[in-house]
Amino acid sequence: MKKTLTSMAMAAMLTMVMGVLLVIGRQELAPKKAMGTSASIMDELSKVENYIYDKYSDYKDIDISLEKDKYIDTKNYNQDVWNNWYYLDTGIKAGGTCTVVATASLLEYCGNKYNISAIKDRTAKPNGTYIIFCEIIDNMWFYGHATSKQIRGVSHSRLDSNLTQMFTKYGSSLKGNNDYYDIYDSLKSEVNSDKPVLFSMIGHTTVGAGYVEYEVEYTKKYWWGKQDGYATEKFIVVNDGWTNSIAYPKRQYSYFPEREIDTGIYRYQFGITKVK
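Every chain is numbered on its own, with residues counted from 1 as its sequence reads. Side-chain atom pairs in this predicted model are given and counted only at pLDDT of 80 or more, local residue features only at pLDDT of at least 70, and totals for whole chains, interfaces and linings cover all residues. To obtain the side-chain values, all non-hydrogen atoms of the structure were used and water was disregarded.

Caption draft 1: Layout of the packing of helix α4 (residues 98–113) against helix α6 (residues 128–142). At a minimum axis separation of 9 Å, α4 and α6 run at an interaxial angle of 125 degrees. Between α4 and α6, the crossing angle belongs to the class labelled oblique. Classified by chirality, the crossing of α6 by α4 is right-handed. Between α4 and α6, the residues in contact are Thr-99, Val-100, Val-101, Thr-103, Ala-104, Ser-105, Leu-107 and Glu-108 and Thr-129, Ile-132, Phe-133, Ile-136, Ile-137 and Met-140, respectively. Ten residue types, Ala, Val, Leu, Ile, Met, Phe, Trp, Tyr, Cys and Pro, are classed as nonpolar, four, Asp, Glu, Lys and Arg, as charged, and the remainder, Gly among them, as polar. In the contact of α4 with α6, the residues fall into 9 nonpolar, 4 polar and 1 charged. Fitting a line to C-alpha atoms yields each axis, with helices limited to the stretch in contact; the angle taken between N-to-C directions then spans 0 to 180 degrees. Strands are runs of DSSP state E lasting at least 2 residues, helices are runs of H or I lasting at least 4, and numbering of each runs from the N terminus. An angle below 35 degrees is treated as roughly parallel, one above 145 as roughly antiparallel, one from 65 to 115 as roughly perpendicular, and anything else as oblique. The sense of a crossing depends on the near helix, which, turned anticlockwise from the far helix by less than a right angle, makes the crossing left-handed and, turned clockwise, makes it right-handed. Note on contacts: a residue pair is in contact if any heavy atoms of the two residues lie within 4.5 Å.

So, in structure tokens, the structure goes:
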């Protein structure tokens, strides 16, 4: 009798486990999210697709297809080039200016979109957006967003204030607004309204200029059989501030995996700055 009860209990447990697996159905079984840095940026869609295949390498019959995408026509300026120009102009060796470069590109876009004449007057000149780059450095130093005109990085918490101050300087009532929650969905909503943002990750700030989404279908094998699954892999389209120069291939856009935006202890290392 005891053996029979034990057998019945084991059978009930097996039935429960099978039931849970069946309830799971077709869903994402991919590896957990990882914490992303600037090293996670990919400069070609082919690398994005290779990234997806790598994340699902434990599965069988993997098939990926581009489901959605949207790009805003923003400029990708190279920070090394502008840092060199700034040194020649001022004698100051600036570095860690990714925030300055991204903000300058965003301001250029907003100048055209919202017809801000003070910005358009500058960008109409040869290398005019570099003038804005220099003015942002002055502003960051004056208001204490950076400890010197050498910059060396700026906290994301200061990006909204800096952006607002620059809009005020150029006679606009637009403001910057930081957002640390539901970053991908918030960015996607802004992009769908043709409004790029500043997108910050650990150690780098970019222009968030779009998104791409891939549908992934795959098969997972278990001891009891196999199960089909699917997932959506999402990527933020960025102007990374690196690849558009003579020294690098001229590319306007790069890609950052949404799955690597940390939502735990490092969540405030990630954020977007909207224009409002």
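Caption draft 2: Region of interest: the environment of Cys-134. Relative to the assigned elements, Cys-134 resides in helix α6. Between the C-alpha atom of Cys-134 and that of Val-101, which follows or precedes it by 33 residues, the distance is 9.6 Å.

Caption draft 3: The arrangement of the packing of helix α3 (residues 79–90) against α6 in detail. One way to put it is that α3 packs onto α6 with a least axis distance of 11 Å and a crossing angle of 70 degrees. The pairing of α3 with α6 is recorded here as roughly perpendicular in orientation. The residues of α6 that touch α3, namely those facing Trp-82, Asn-83, Trp-85, Tyr-86 and Asp-89, are Thr-129, Tyr-130, Phe-133, Cys-134, Ile-137 and Asp-138.

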